[in-house]
Structures are given as C-alpha cells and as structure tokens.
Amino acid sequence: MFAFAIRSLAQGVLVLVTVAFIAFSMFRFVGDPVVNMLGQEATQQDRQELTERLGLNDPWPIQFARFLGNAAQGEFGVSYRQGRKVSDLIKERLPATLELAVLSAIFATGLGVLLGVYAAINRTGFVSNVIMTTSLIGVSLPTFLIGIGLIYIFAVELRWLPSFGRGDVVRLGWWSTGLLTESGRKSLILPVLTLGFFQLTLIMRLVRAEMLEVMRADFIRFARARGIADRSIELRHALRNTLIPVVTIAGLQLGSVIAFAIVTETVFQWPGLGALFVNAVQFADVPVMSAYLMFVAAVFVIVNLTVDLLYFILDPRLRSGRRVAKGH
Amino acid sequence: MADMPSPATPDDGIDRRSAFARFLDSDLFFAFKSSPVAMVSFVVSVVMIGAALLAPLISTQNPFNPAELNLMEGMTKPGTANEFTGKSFIFGTDPQGRDMYSAVLYGTRVSLLVGAASVLFSATIGVFLGLMAGYLGGRTEAVIMRVADIQLSFPAILIALLVFGVARGIIPPAQQEGATLILLIVAIGLSNWAQYARTVRGSTLIEKGKEYVQAARVIGRSPLVIMVRHILPNVMGPVLVIATINLALAIIEEATLSFLGVGMPPTQPSLGTLIRIGQQFLFSGEWWILFFPAMTLVILALAINMLGDWLRDALNPRLQ
Amino acid sequence: MATGDTAMEPVLSVRNLSLEFVTRRGVLRALNEISFDIARGEVLGVVGESGAGKSLTGTAIIGLIDKPGRLSGGEIWLKGQRIDNIGHDGLRKIRGRRIGMIFQDPLTSLNPLFRVGDQIAETVLTHMPVSKAEARARALALLTEVGIPAPESRIDAYPHEFSGGMRQRVVIALALAAEPDLIIADEPTTALDVSVQAQIITLLKRLCRTRGTSVMLITHDMGVIAETADRVAVMYAGRIVEIGPVADVIRQPKHPYATGLMGAIPALGAKVQRLTQISGAMPRLNAIPAGCAFRPRCTEAIGKCAEAVPPLVPVGATSARCWLHEAQVERSASHG
C-alpha cells in the first residue's frame, strides 16, 4: 500500500514538472515578457533593468527552478493584459469554476452509472434504445449548442432561469458561493446541465459497454451455472467488476470537466477560470495561460491520486500486491 | 466456446471473385444493408460532403464577396419575400443581406476541410508513432506512450487552445488571420493523435508476434519495409474506425474553437463562426441566423458519428 | 456399475436432443438426436474433437445456451422431471442445486473481487434454507473436503491468492456446495499443469463416489476417460457415434472414428510404435456431408455411407452408428 501510494505520488509529481516545463517554455518562446510588461515605448535603460530584475539573464535551469518555486506558491507573475497579479485573478475565479465542475461531475456520474447499468441489463428494451440513441446524439452535440439550446428554451422562451452569470453570491472568507441564495442556485442549473450532459452520455455508454463485457466473463457464466439469482449476478457480481474500469475513466473525465468548463463558461458568461483562459488565449497572455495549465495539471494529478486510492479499495488483487501463491 | 459455428462460407482455399463482388458478399456489406441507421447516416454524410464540395455551383451567391450582398435584403425571414426586392431566401438572410443558405454551404466546406485535414494530420502522426512504439519497443516505446498518455489525459480542446495561444504569441499579428486555417488544422491534429498511436501500437505488438512477420524478419527485410508493407495493412481497420469517429469530433472541436472566438474569422467563417455570430441574434428573435448553421453542424456530426459507431460495431462482432 | 439397472431410474436422461444455430446463412444443426442416460453414481465420459458438440451438450442440459442457439427437439429428464421446458426460473433452481457445473478454466471461473468463502456461502444460501453462519460453516467444511490446506485462513482469501490447481478445487467445492445429483465437468483439467491434472480428477471422482453423485465428464483426453469413466460416449459432428462401457469401447471400438481415437492413446508397456492419427479435420457445421459425417475421413467407407445417416444400434457390448455393422442394423430393424 505504502509503495503503491509513493509510486502514484511520484508519477503525479513527474506530470506536474513536465507540464511546468511546458508552461515555463511558453514564457521563453512566446513574445518578450519585458516588451509585454513595459510596452513598446520604454527606454533601453528601463528594459535592461527589468530584464535583470526578472532574472532573465540567468541560465535557463536557474530560471526554471525559480519558476517552479514560484508556481508552488501560486505565483505566476502579472497578467500582460489585465495588469493584475495572476494569483489574485485565479483566487477570485476559482470558486465559480469549482462549484460548477463538482456539481456537474456529481450529476453526470450519478445519473450516468444508473442509466448505463439499466441499459446494460435491459439490453433490447425500448427504454434502453431511447437511452442509447439519446447518448449518441449527446456525443455529437457540441457543448456550446446544448448551452445555447437550453438558454433558448429556459431563458428566452420560458423565462424560468437566468441565461448568464452566477446570480447573487455569498462571500465566505475568500470563497464565494452561489449555493446559498435562490438566484445563485437558479443560475447554476443551466450551466451544470450543459457541462454535465456530455460527461453523462460518455459515462453512461462506458458503464453499459463495460458491464456487457463483464457479463460475458466466465465467472458470470459460472455464477449462472451455480443458480445465483439474476439480480444478484447483475448488481453484485457484474456491477462491482464494471466499476473498476469505470472509476478510472470517470475520474479522468472529472478532470476534463474542469477544462470543458471553458466552453460552458463562455456560453453562460460564467465568471470562472475557463472564461479567463479563453481571454488569455485570444491575447496570448502567457502568465494567465501558464497558470491555468498548471491549475488543470494539479487537478488532474489530484484526481488521479484519488482514483488510484479508490482502485485500491475496490480491487483486492492490488491490495495484496499481486502476490500469487505458487505451487499446488 | 469452441462449438460455435463460423458464419463464413465454405472455402475451397481460393476466392476467385473480384474484390467488388467479394465486398458485396462480405459480412460488412451485409451488416450495412441490414442497418437502416448505417444507410441513412451514410447517405446524409455523402449528400452533405457533396453539397460542401459543390458549394460554389449550388449556392445563390458568394456570401463573403461584399459586392454580391445587398443591404436592403438584410434580415429577411426564411421563406418570406423581402419587402424591398421581393426576393425570398430559403434559410433567410443576416443583417448584411447575406443568404444564410449560401453561408451554410461555404461554412460546411470550411468545417469539413479543417476536420478532414486535421484527421489526416493526426492519423499520420499517430499511426507512425504507434508503429514505431510497437515495433521498436524499448525506450522509444516508453517515451512515445508516456507522451500519448499525457495527451490523452488532457481534453483535446484545452490542448488545441494552448497550441493556438502559443502560435498567437509567435506569429506576427499581420499574418495571423491568413494562418488561422493551418493553425486550426495543426492545433486540432496535435490534440488527437494519441488514440491512433495507442491502437496501432497494440495491433502492432500482436502482428509482430505472428509468423509472417517473423518470416519477413528472417529473410532480412528492413524494419521500415516490414512496418509499412506487412504490419500497416493489418492495423488499418481500427484506424479507419477511429478516423471516422474523430472526423465528427474534429468538426465539433473546430466549431467549438471558432465559437470561442479563437478559430476561423468572420471573413472566412466555419459553421462554428456562423453560430457565434448567430448567437447575438437569439434574444432579438432572428432565430434563423443561428438555427441553420447549428442544425447543419449537428446533423453533420451526428451522421458521421453514427457511421463510425456502426462501423466499430460491424468490425467488432463481439459487441453486437 | 449401474448400467442396465432397469429398476432404478437414471439420474439424467437425454432423449433425441437437437440444437441449432439460426444464422443469416441458414440454420446450422450443432447437435443431432443426442440420446443417453446417466445412472446414479455413474461417470459418463464424453469425448470427441473440439467442435463435436461435447460442451454444447453439457451447456444445453443446464439450460445456458446463448443466442442464436436454441433447442430444436428432444427432451431432457432429471430424475423423472422434464427440465428442458421449465423456463428460466425453474432452470435457475435446478442449476447449482441439482446439477453442478465445472468449467475448463479455474482462473476465470471465480469472481476476482469476492472472497472464495463468500462465493461458496452465496451458492449455499441461494439453494438451501440455512443461516449465514451455517453457510459459512458449510463453506469451511467443503474447502476442507476438497483439500485446501489451512482452510480456516484461506476461506477469506481472494481467488488470485490461490494457484490454478487450488482454484479448481474451490470450483469443485462450489459445484458440490448444494449437494447436486449430477456434476457436469467440462474439460476440468485442460487448463491445469499436467502434474495437477491427476490430483483433480482423483479428487472429483472420490467426492462424487462418496456422495453417490453422477458425473458427466467432458474431455478430449481419452486417458482421463479410461481411468475415470464407467461408460463413454464418442461424439462426432454433433452426433453420438458410439456409446458403451468404457472397457469395451477402448478394447474393441466399433465405429471407425472411435477406433481412430483409441489409436491415439499411448499404451503403457507397449512396444514403441507410432500412434495412429486420423487424417483430415472434422467438417464445419455448414459443410457437413450428406450421409455419415465421418465418411470423407473414413478409410473403410462403403457406398451406402454417402446415402444415409446410419442409426445408432447395439453392436456387441456397445452401440455404434456405422453401416459396417449393417447386419446388426438390419436385425435391429426387423426386431423392432
């Protein structure tokens, strides 16, 4: 268990350092930070001073080490475009994105597993066909169109729900939440559905496919030959084996929910990190871009560690460290 | 189970029929004929691709040549006659008097172009790297597969955005608009190659162990020849399936980038750009400016997706 | 053993069982008019090449035929109760309770995520009115009986913590858990190391003998049959071509195919000589020739073999399906 955790952790750190290197390279290759910060009109004198102060004359390994150190403290410098500290920008927008992403993930995973199991067990039924067809349409529907469609129905035509923004938020220290006010909760509904829908269809199809695969396994056949009740075979034997691969992929999907939030946030003008990032891309605002990249990588690593841990709980083959008795 | 019958015809060893005749009798073609979903999505895909290719011939105007636009004809509802000129437009017009039907045709063309080119790009990279990884093994394999893992763990849209953002910073602003098309193809291509690499590596590992490859090695064929002539044809099935499904994904990815404002510019719009523009008119009631590009995108992506989905099932009978 | 004992009803009686697969290229007959009995405590060996329909027969008896396969005729009787038409739930109550099954591969027969003791207890609880504690006690007893060392500590182990041979012992314990009347063992040792095969067969034989459980032992290994079975049925292309007491079939096979099979057993102490082998391969289901299916490979084929399928008739101590014994065929026809 301990060795396993260490290995996962080491892999996570490796990914973070790799991504950090990409983020760091962006600073070096994209534009000239000095020009970006001082503008075209600055004097030669000013430029040299800033270059020296930023340590841009040091050899790159030293610069990279400094970058890593700063990144670990959440410092990515100052946004070229907004002139504010990137760490402040991120802190301000983090709660909006996290609230949206976590709720979407819960919605997508919960309903996705339920519908997927149902479609696998009742393979040929009418409801299953409806579920599978809807899911295929869901995969082909771009997220932004789902968002626009929902806005059109629920905001423009029915006028039930707001079409943009977070509504009223309550501040809890540096965190802000929309969950405590009615307008905040109402504002969350459409973005959560939009962001969750794609993941929902994906998880549903995955669960169904995995479950059908497991249902063909020898041990399921053997369980049938032992006369075990169908319900027990499906919900005990098959489902538990299904969940192992599902946990991995659903976990990775959870990470991508954060990134997919880019689109949803743009559609709903949601004041989160994704919208910040799209803006940064349009203007090649490197500090924001690299900070966002590091943020996504960190989420990815954390999710991965959690998935590994869950694996451990679900699969006894890992728990005993692949120790297989020899001899007969 | 060993007792399951094989559905193949009895063979005398040699099939003397033509390739086309064999195709018509193949399980694949039979599955195609007996699947209405496959046939409908195939026909829809072919019609839409054909319409996009023939856009200059079947459109009523070049919607991006300002000389052909008439401002008086702006904001005409679909199917109704314009109050000044009396002309009617099946998909309506936008505020500049641009015929949405023509705009959608040209937009589909751009979307398909970017989609197809990026699929070709990513498939080429992916197949090549997958072959290398599977055939050469060792450190080459380890490095390629680690990079593929990283690519797969980040959503394509994020990678494409990053590539795009970096390029924005490098390319001088004056040349940016002209380079957008290429940039999109590269950005989308670079965000989708890993799946090919993984699949091809897996198949290569299996093929590598087979006797015909061993034989080719023994008689001294070079690794490159073995990879291209012997292994490649055997891994093309899954690659075709991935490419079909990826075409739909690439079209959606391009539309998403354009929708976010980092894709095709309004002067040379794709379906995504048209949707971005049309969204502004949603609240004021001019629904058609958004609706027709959006429906075209959905139907196109859905048809190709269903075709790919069916192809995957048909080539993998276990899942049926 | 119990053969010919008319006073006692057979445990299993299969009558004219046929099974077909409906495919788009037509209906394929995989089993044709299969008939045999298994008496109480008897071990019936079923041999034949892969694809002959051995496993399919076992699967059909227990009602686990998957689509597109379906029974197209015949009857299956278990201790006087017809079981081929009793529906899904009726069959489920028979599976495990009255017919136990052992599959080829012990590595994949057990659910990897459940402790072996729980899997045995689950089977016991499904079929018997006992408490959880009693079921666990029974699981422990069974593990002891199948020879798992230190069963008290192994009962809570997971399948991957056992070796192949030990896993197959667990599978046997599972098959015996509810004291069935019949065990269908489908190639129970094929996936195991040679050194373990004999142990597993001996164990299975001993456990079934002490309980009076009948066994249908499906294998392609004539050596196992020779040591274990009381009677043997030889299958070819979906039909039984010869059936009879094991000693007679081995010493004096009547069907040329059975003769060929027996030629493939190495005899201990015999002078070093080449083992005979049957040339050619068994036909595919969609290309079974008219008449006797074995004709294309048969060295003794006569004109009649191409015309009609020979009936299964008694020839000496066994019954065979071959025109070479036409005298018997005709006699049996005139007698009844």
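The structure reproduced in this document is the subject of the present report. Computed from a predicted structure; not experimentally measured.

1. A look at the overall build of chain C
So, step 1. The helix and strand inventory of chain C stands at 12 helices and 12 strands.
So, step 2. Relative to the globule expectation of 20 Å for 336 residues, the C-alpha radius of gyration of chain C, 21 Å, shows essentially globular dimensions.
So, step 3. With the C-alpha coordinates aligned to their principal axes, the bounding extent of chain C is approximately 65 × 50 × 45 Å.
So, step 4. The 336 residues of chain C split such that 53% are buried.
So, step 5. When the accessible surface of chain C is totalled, it reaches about 14300 Å², and 52% of it is carbon and sulfur.

2. Comments concerning the overall build of chain B
So, step 1. Helices and strands together make up the secondary structure of chain B, namely 13 helices and 0 strands.
So, step 2. Taken from N to C terminus, the helices and strands of chain B fall in the order α-α-α-α-α-α-α-α-α-α-α-α-α.
So, step 3. For chain B, the proportion of its 320 residues judged to be buried stands at 49%.
So, step 4. Considering only contacts within chain B whose residues lie at least 6 apart along the sequence, 69% involve residues at least 24 apart.
So, step 5. Summed over its atoms, the accessible surface of chain B is roughly 15100 Å², and 66% of this surface lies on carbon and sulfur atoms.

3. Quick notes on the pattern of salt bridges
Residues and elements named next belong to chain C.
So, step 1. Applying the stated criterion across every chain, the model contains 28 salt bridges over all chains.
So, step 2. Residue Arg297 pairs with Glu49 through a salt bridge whose shortest N-O separation is 3.0 Å. Here Glu49 lies in the loop between strand E3 (43-47) and helix H1 (54-61) and Arg297 lies in the loop between helix H11 (256-263) and strand E11 (313-315), a separation of 248 residues in the sequence.
So, step 3. Using a relative accessible area of 24% as the deciding quantity, one classes Glu49 as partly exposed.

4. With respect to the interface of chain A and chain B
So, step 1. Across the boundary between the two partners, chain A contributes 42 residues, which contact 39 residues of chain B.
So, step 2. Taken as a group, Ser140, Phe144 and Gln282 of chain A account for 15% of the area that chain A buries against chain B, more than any other trio of residues on that side.
So, step 3. Seen at the junction of chain A and chain B, the total is 1 salt bridge.
So, step 4. Among the ionic pairs, Arg205 of chain A bridges to Asp309 of chain B, the shortest N-O distance being 3.1 Å.
So, step 5. In this assembly, chain A and chain B are joined by 3 residue pairs in polar contact (both at pLDDT 80 or more).

5. Observations concerning a nonpolar patch on the surface
All names here are of chain B.
So, step 1. On the surface, a nonpolar cluster with roughly 480 Å² of combined accessible area is contributed by Ile49, Leu53, Leu54, Leu57 and Ile58.
So, step 2. Secondary structure elements with two or more residues in the nonpolar patch: helix H3 (36-53) and helix H4 (55-58).
So, step 3. Tracing the backbone shows Leu54 in the loop between H3 and H4.

6. Quick word on the sheet that holds E3 of chain C
Residue and element names in this part refer to chain C.
So, step 1. Taken together, the 8 strands give an open sheet; going across it, the order is E6-E7-E8-E3-E9-E10-E12-E11, and neighbouring strands pair in mixed fashion. Of all the strands in the sheet, just strand E6 (99-102) and E11 have a single pairing partner and so form its edges. The average undirected angle you get between the axes of adjacent strands in this sheet is 20°.

7. Some words on the state of the cysteines
So, step 1. Considering all chains together, one arrives at 0 disulfides over all chains under this definition.
So, step 2. No disulfide involves Cys322 of chain C; its sulfur sits 6.1 Å from the nearest other cysteine sulfur, which is in Cys305 of chain C.

8. Overview of the pairing of E6 of chain C
All names here are of chain C.
So, step 1. Side chains Ile99 and Met101 of E6 all project onto a buried face; the interleaved residues Gly100 and Ile102 project onto the opposite face, where all are buried too.
So, step 2. Relative to strand E7 (residues 182-186), E6 runs parallel, the two sharing 4 bridges. By the bridge assignment for E7, Ile102 is matched with Ala185.

9. A word on the packing of helix H6 (residues 126-140) of chain A against helix H13 (residues 288-315) of chain B
So, step 1. With their axes 9 Å apart at the nearest point, H6 of chain A and H13 of chain B run at an angle of 120° to one another. Judged on the interaxial angle alone, H13 of chain B and H6 of chain A are oblique. In the crossing of H6 of chain A with H13 of chain B, the sense of the turn from one axis to the other is right-handed. For the pair formed by H6 of chain A and H13 of chain B, the contact residues are Leu136, Ile137, Val139 and Ser140 of chain A on the first element and Ala301, Leu302, Asn305, Met306 and Asp309 of chain B on the second.

10. Some remarks on the packing of aromatic side chains
So, step 1. Taken as a whole and assessed by the stated rule, the structure comprises 20 aromatic pairs over all chains.
So, step 2. Seen in terms of ring centroids, Phe24 of chain A and Phe67 of chain A are 5.8 Å apart; in terms of plane orientation they differ by 55°. Their pairing is tilted. Of this pair, Phe24 of chain A sits in helix H1 (residues 2-29) while Phe67 of chain A sits in helix H4 (residues 60-72), and the two are 43 residues apart along the sequence.
So, step 3. We classify Phe24 of chain A as buried; its relative accessible area is 5%.
So, step 4. Its relative accessible area of 10% is what places Phe67 of chain A among the buried residues.
So, step 5. Centre to centre, the rings of Phe222 of chain A and Phe103 of chain C are 6.0 Å apart; their planes meet at 70°, and the pair counts as edge-to-face.

11. Structural notes on the environment of Leu188 of chain A
Residues and elements named next belong to chain A.
So, step 1. On the secondary structure map, Leu188 appears in helix H8 (residues 182-215).
So, step 2. Remark: the alpha-carbon pair of Leu188 and Phe164, spanning 24 residues in sequence, is separated by 9.5 Å.
So, step 3. Setting aside anything within four residues of it in sequence, one finds Leu188 in contact with Glu99, Leu100, Leu103, Leu179 and Trp270.

12. Concerning unusual backbone geometry
Trans is the prevailing form of peptide bonds, just as negative phi is the prevailing case for residues other than glycine.
So, step 1. Even without glycine at this site, Ala284 of chain A takes up a positive phi of about 50°.
So, step 2. If you trace the backbone, Ala284 of chain A turns up in the loop between helix H11 (273-282) and helix H12 (286-314).
So, step 3. Even without being glycine, Lys79 of chain C reaches a positive phi, approximately 45°.
So, step 4. Structurally, Lys79 of chain C can be placed in the loop between strand E4 (69-78) and strand E5 (81-82).
So, step 5. Note on Lys79 of chain C: relative accessible area 40%, which makes it partly exposed.

13. A look at H4 of chain A
Residues and elements named next belong to chain A.
So, step 1. Between its first and last C-alpha, H4 extends 18 Å over 13 residues, near the 18 Å set by a 1.5 Å rise per residue.
So, step 2. Every buried residue of H4 is listed here: Gln63, Phe64, Phe67 and Ala71. Looking straight down H4, one finds that the buried residues subtend no more than 100° of arc, so they occupy a single side.
So, step 3. For H4, the elements touching its buried residues are H1.

14. Comments concerning the pairing of strand E10 (residues 239-245) of chain C
Residue and element names in this part refer to chain C.
So, step 1. For E10, the buried fraction is high: 6 of the 7 residues fall into the buried class.
So, step 2. Pairing geometry for strand E9 (residues 231-236) and E10, over 6 bridges, is antiparallel. When the bridges of E10 are listed, Arg231 appears paired with Pro245.
So, step 3. Counted between consecutive antiparallel strands, the loop separating E9 from E10 contains 2 residues, among which Ala237 sits at a positive phi close to 45°.
So, step 4. Bridge count between E10 and strand E12 (residues 318-320): 2 bridges; the pairing is antiparallel. Within the sheet, the bridge partner assigned to Ile243 lies in E12 and is Ser319.

Procedures and definitions
- Residues numbered from 1 in each chain as written.
- Chains lettered and ligands numbered in written order.
- Predicted model: local features only at pLDDT ≥ 70, side-chain atom pairs only at ≥ 80, totals over all residues.
- Heavy atoms only, no water.
- Helix = DSSP H or I, 4+ residues; strand = E, 2+ residues; numbered from the N terminus.
- Rg over C-alpha atoms; globule rule 2.2 N^0.38 Å.
- Buried < 20%, exposed > 50% of the residue type's maximum accessible area, 1.4 Å probe, protein only.
- Areas by Shrake-Rupley, 256 points an atom, 1.4 Å probe, with all protein chains shown as cover.
- Contact = heavy atoms within 4.5 Å.
- Salt bridge = Lys/Arg side-chain N within 4 Å of Asp/Glu carboxyl O.
- Buried area = accessible area lost by both parts, 1.4 Å probe.
- Polar contact = N/O pair within 3.5 Å; in protein donor to acceptor, adjacent residues only side chain to side chain.
- Patch = residues over 30% accessible without salt bridge, like charges linked within 9 Å, V, L, I, M, F, W, Y side chains within 5 Å.
- Pairing = 2+ DSSP bridges.
- Axes fitted to C-alpha atoms, helices over the stretch in contact; angles between N-to-C directions.
- Disulfide = S-S within 2.5 Å.
- Parallel < 35°, antiparallel > 145°, perpendicular 65-115°, else oblique.
- Left-handed = near helix turned anticlockwise from the far one by under 90°.
- Phe/Tyr/Trp six-rings, centres within 6.5 Å; stacked < 30°, edge-to-face > 60°.
- Expected span 1.5 Å × (residues − 1).
- Arc of directions from axis to C-beta.

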